[in-house]
Structures are given as C-alpha cells and as structure tokens.
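# Inside the fold
Chain residues, written in single-letter form:
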Amino acid sequence: MTTPPKRFPLPLSEVMTRRQRQAPALDKATRASPAGAPPAAMTRAAATPAKSTTPTTQVKPAASGKPATGKTASASHTPTQHHGLRPAATTMAGASARPAGSAAPRPVTPKGLARPASAPHAQPAPHGAGQAVKTAPRLVQGKGPAAPVKVSTGNTTRHAKSAPLPSPDGIGLTSERVRGRMAERVAASGVKHAGVLAALATVPRHGFVDAGLANQAYEDAALPIGHGQTISKPSVVGRMIELLLASGRPLEKVLEIGTGCGYQAAVLSCVARDVYSIERVRPLHERAKANLRPLRVPNIRLHYGDGRLGLPAVAPFDGIVIAAAGLEIPDALLDQLAVGARLVAPVGGEQQILTLIERVGTRQWRETQLDRVLFVPLKSGII
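As the structure is a computational prediction, the values presented were derived from the model and not from experiment. (Residues numbered from 1 in each chain as written. Predicted model: local features only at pLDDT ≥ 70, side-chain atom pairs only at ≥ 80, totals over all residues. Heavy atoms only, no water.)

Before going further, it helps to spend a moment on the overall build of the protein chain. Across its full length, the protein chain holds 8 helices and 12 strands. Going through the 383 residues of the protein chain one by one, you find that 34% of them count as buried. Look at the contacts in the protein chain between residues 6 or more apart in sequence, and 52% of them connect residues 24 or more apart. In the structure as shown, the protein chain presents an accessible area of about 23,800 Å², 55% of it carried by carbon and sulfur atoms. (Helix = DSSP H or I, 4+ residues; strand = E, 2+ residues; numbered from the N terminus. Buried < 20%, exposed > 50% of the residue type's maximum accessible area, 1.4 Å probe, protein only. Contact = heavy atoms within 4.5 Å. Areas by Shrake-Rupley, 256 points an atom, 1.4 Å probe, with all protein chains shown as cover.)

Mapped onto this structure's residue numbering, the UniProt feature "active site" (unreviewed entry) falls at S232. Along the chain, the position of S232 falls in the loop between β5 (229–231) and α5 (234–245). According to the relative accessible area criterion, S232 is buried, its value standing at 15%. (UniProt positions renumbered as here; feature names shortened; annotations may be inferred.)

A separate point is α5. With 12 residues, α5 ought to run about 16 Å at 1.5 Å a step, and its terminal C-alpha atoms sit 17 Å apart, in line with that. The element α5 is extensively covered by neighbouring structure, given that 11 of its 12 residues are classed as buried. (Expected span 1.5 Å × (residues − 1).)

Following A315, the chain continues to P316 via a peptide bond in cis, the omega torsion being 5 degrees. With respect to the helices and strands, the residue P316 is situated in the loop between β8 (300–304) and β9 (317–322). With phi around 60 degrees, H227 is a residue other than glycine that occupies positive phi space. Mapped onto the elements, H227 comes out in the loop between β4 (223–226) and β5. In this model, R296 sits at a positive phi of 55 degrees, which is unusual for a non-glycine residue. Counting through the fold element by element, R296 comes out in the loop between α7 (282–292) and β8.

Right, let's get into the nonpolar core. Ranked by size, the top nonpolar core spans 45 residues in total, and within it F208, I231, Y263 and V267 carry the most contacts. Elements with a minimum of two residues in this core: α3 (176–188), α4 (194–200), β4, α5, α6 (263–268), α7 and β11 (352–361). Considering every element that reaches this core, the biggest residue donor is α5, with 7 residues. Apart from the residues lying within four places of it in its own chain, the contact partners of Y263 are M182, L200, V203, R205, F208, I231 and V237. With 21 residues, the next largest nonpolar core counts L255, Y276, L334 and A338 among its residues. (Core = buried A, V, L, I, M, F, W, Y, C linked by side-chain atoms within 4.5 Å.)

As a further point, take the pattern of salt bridges. Once their charged atoms are close, side chains differing in charge can pair, the charge on each being opposite to the other. Per the stated rule, a full pass over the model turns up 11 salt bridges. Residue R301 pairs with D274 through a salt bridge whose shortest N-O separation is 3.0 Å. One end of the pair, R301, is in strand β8; the other, D274, is in strand β7 (residues 274–279), and 27 residues separate them in sequence. Under the relative-accessibility criterion, R301 is labelled partly exposed at 36%. Across the salt bridge formed by K289 and E286, the nearest N and O atoms sit 3.3 Å from each other. Here the residue K289 and the residue E286 both occupy positions in helix α7, the gap between them amounting to 3 residues, near one helical turn. Counted as one network, the salt bridges with shared partners bring together E252, R273, D274 and R301. (Salt bridge = Lys/Arg side-chain N within 4 Å of Asp/Glu carboxyl O.)

Moving on, we come to empty space enclosed by the protein. If you walk through the whole model with that rule in mind, you get 1 cavity of 30 Å³ or more. Of the pockets and cavities examined, the largest cavity occupies roughly 30 Å³. Considering the residues around the largest cavity, the lining is formed by I322, A324, G326, E328, I329, P330, A345, P346, V347 and L378. Ranked by residue count, the leading element in the lining of the largest cavity is strand β10 (residues 337–348), at 3 residues. Residues that form the lining of the largest cavity fall into these classes: 8 nonpolar, 1 polar and 1 charged. (1 Å grid on protein atoms, 1.4 Å probe; cavity = no way out; pocket = protein on both sides within 12 Å on 5 of 7 lines; lining within 4 Å. Points joined across faces, edges and corners; volume = space filled by probe spheres on them. Nonpolar A, V, L, I, M, F, W, Y, C, P; charged D, E, K, R; others polar.)

Further remarks concern the layout of surface pockets. Approximately 740 Å³ is the volume attributed to the second largest pocket. The wall of the second largest pocket is formed by 43 residues, among which S232, A323, A324, F375 and V376 lie closest to the centre. Listing elements by their share of the lining of the second largest pocket, those giving two or more residues are β5, α5, β6 (253–257), α6, β7 and β12 (364–373). Examining the composition of the lining of the second largest pocket, we find that 4 residues originate from one element, α5, more than from any other.

Let us now look at the environment of S277. Positionally, S277 belongs in strand β7. S277 sits 27 residues away from Y304 along the chain, and the two C-alpha atoms are 8.5 Å apart. What S277 contacts, discounting residues up to four positions off in sequence, is E256, T259, A265, R301, L302 and H303.

Bringing the sheet that holds β7 into the picture now. For sheets, the rule is that strands pair by backbone hydrogen bonds, running either parallel or antiparallel. Strands sit in the order β8-β7-β6-β9-β10-β11-β12 across an open sheet of 7 strands; the sheet is mixed. Here the strands that pair on one side only, and so sit at the sheet edges, are β8 and β12. Each strand axis lies, on average, 15 degrees off the axis of its neighbour in the sheet, ignoring direction. Bridging between β11 and β12 involves 8 bridges; their strand directions are antiparallel. Among the inter-strand pairings, R359 is bridged to a residue of β12, identified as W365. Set on the sheet, α5 makes contact with β6, β9, β10, β11 and β12; between it and β10 the angle comes to about 155 degrees. This element, α7, spans β7 and β8 of the sheet and lies at about 160 degrees to β8. (Pairing = 2+ DSSP bridges. Axes fitted to C-alpha atoms, helices over the stretch in contact; angles between N-to-C directions.)

Shown next, in the form of structure tokens:
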C-alpha cells in the first residue's frame, strides 16, 4: 500500500510562519549571537560539567564603550548563578554573544591584538594592556605597493602588510607604460621606424617567456625558451624588421624561419598583412600556438617543418627573416624572395654578422653585412 504524499492545505509561507511560532524561544544571549557563531547557550553543560585539566579563559566584549577587563560580569536579570555552568571559550575570532541591553554587537578584541588600522572608523584598542597603534600610511594609487604597517604591542613589534591596491596603468607587466619604456630603450639603441616601435609597444612580451622569467621580459636581453632556443632581444627584433621595411615595399607576405615562442611573429603581424612562420621543433611549434591563441592574431599562419626549405607553395615573399644563424643562406629561401624584396639573417658560426640580402633582379642579389649578433644555429630537418 502506497502512502499518498502529504499536502499542505496552507501556503508554504503560512506553514513556515506557524513552525517558527511553535519553535522553542531562545534566550537573549542566543538571539544576540552573530550569524555563523554558536550561541552562548550551547556551551552549557547538560547536567554536571566534565572536569578539564586545561584552564579556559572567558572573554567578553566591552559594554557601553568600556574596555574589556577579562572579569565575568553577572547579568542583573539572573537571580542566582548555577554551578552547572562553565564559562564558554571563544570559538572563533570576533564571534560572541553581546550583553543584554547593548545597542549592537561589537567584535571581541583579544588581549594583545590591535584593531585593523584599515577600518574606516576603527576604535582604539583597550588601554589597560599597554597597547599602542601607529596610524597606517595613506595609500596613494599609482605609487607602487603599500608600505607595511607597524603594529606595536608592548615590547613586541610585528609588520602587518596592507592589502595591495589594483595596479593602474603604468604598473605591472600588463601595462602599456612598461611596454612603452621597452620601446623607448629599443629606440635609443638605433631603431627609428615608428611602426616597428609601435608594434614592440603593443605585443606583451611577458606572455611568450616562462613565468619565472616574466620579470625580465621587458629587458633588452635574450631569454631561454627551452630546447636550446632563445627569444631574441627586443632591439634585435626591431632592427631586423626595420631592415625589411627600409626598402619602402609594402609587406604583403612575410616568411619567418624559426618561430620559437612566437614573439617575433606577433611583432611582424603588426606591420605585415600576412605572416608565415616555420618551426622545426614540435614542442616549440605547439608552444607558439598556445602563446598566440589568447592574442587572437588573425594574420599569422604557423607551420611545422624544415625552415631551410621555406614555403614554395606560398612564395614569392615580400620579406624573409631568419631567426637562426647558418654558415650560408639556403638557396631555396633566396629563390622564394620576390624581386625588390629583402631577406635579413645572421650568417656565420662563432662569429656571426647580421646580413641584408636584396633581390635586385631575376638572378641577381645584393648582400650587405651590418652588425655583430649572436643567434642559435640554423639546422635542417624536424624533431
């Protein structure tokens, strides 16, 4: 036989109201307990309290603005004191029942601690324990992290670090000012093309290096990216891209040999219509895709393959940049360069020279040696 489900003849709100009326009445101490804290009545022993070898200290809040002295004050409405009650130990900071007749609950201030200096209207700590609180320095947004606040208690001094403010523009790795300062340093090194400097100030370089090296991301230095490869110095990246643009030829299609972590491809995408980049190391190819995905760059096409062979199906290119040094420039890349276009690459072994190749005719190229550089070696094959 199936018992039919119970139905409430009254609305649910009326049923809940009646249940509350039938609930046992709580004393004033219980009603005064803050939300989430156990009422003081729950700390009473059922009949005879169990003996404990650990002494307990009763902490009561100050009544009517008077500091707490640690003494137990008996309420006026309690005629006698039952010996079956034991003082309730504080179970959590700032949670205790307020005395009857007080206007609002006040947090407990344990002896030896000062109230937080960051409160809008912080009250002074009790004066009976020899406490002294120094006013916290005013936080000024845009001036860096807040200074620690000194809190003195007797002869003991400790430092409480204030909560940091949100970083405005100009503070932190994600700010435009940090990238702009890096672009200024690159300009001081000799790069003058406005489009290149704007691209360097746009691409977040810290997103292309390991988290442990993020604080060095905007220095003019090459950093390791794993597998024996490095991310080039910003000044070298700017120098090579500026050489491509120096001819005045629009960069419709650009080929990059050696994607690495994807940083140079991201900078190239700001000055070229389409960027094709080849990487022979599979983990680096996957890492470059992961680094570029959050930027949602639509004009970069990454390829996994042998960079020495180029991309003959997409050729000719209006510019080719090689991010690795070989003893000579592969003929396949020279053939994929459009007439009037430029190729920039380091050439050499231990002594490397940044070299500019210009294709001036169908079978004519002009070579110019420029700066001393240091790159990883250009290798063939894939791994």
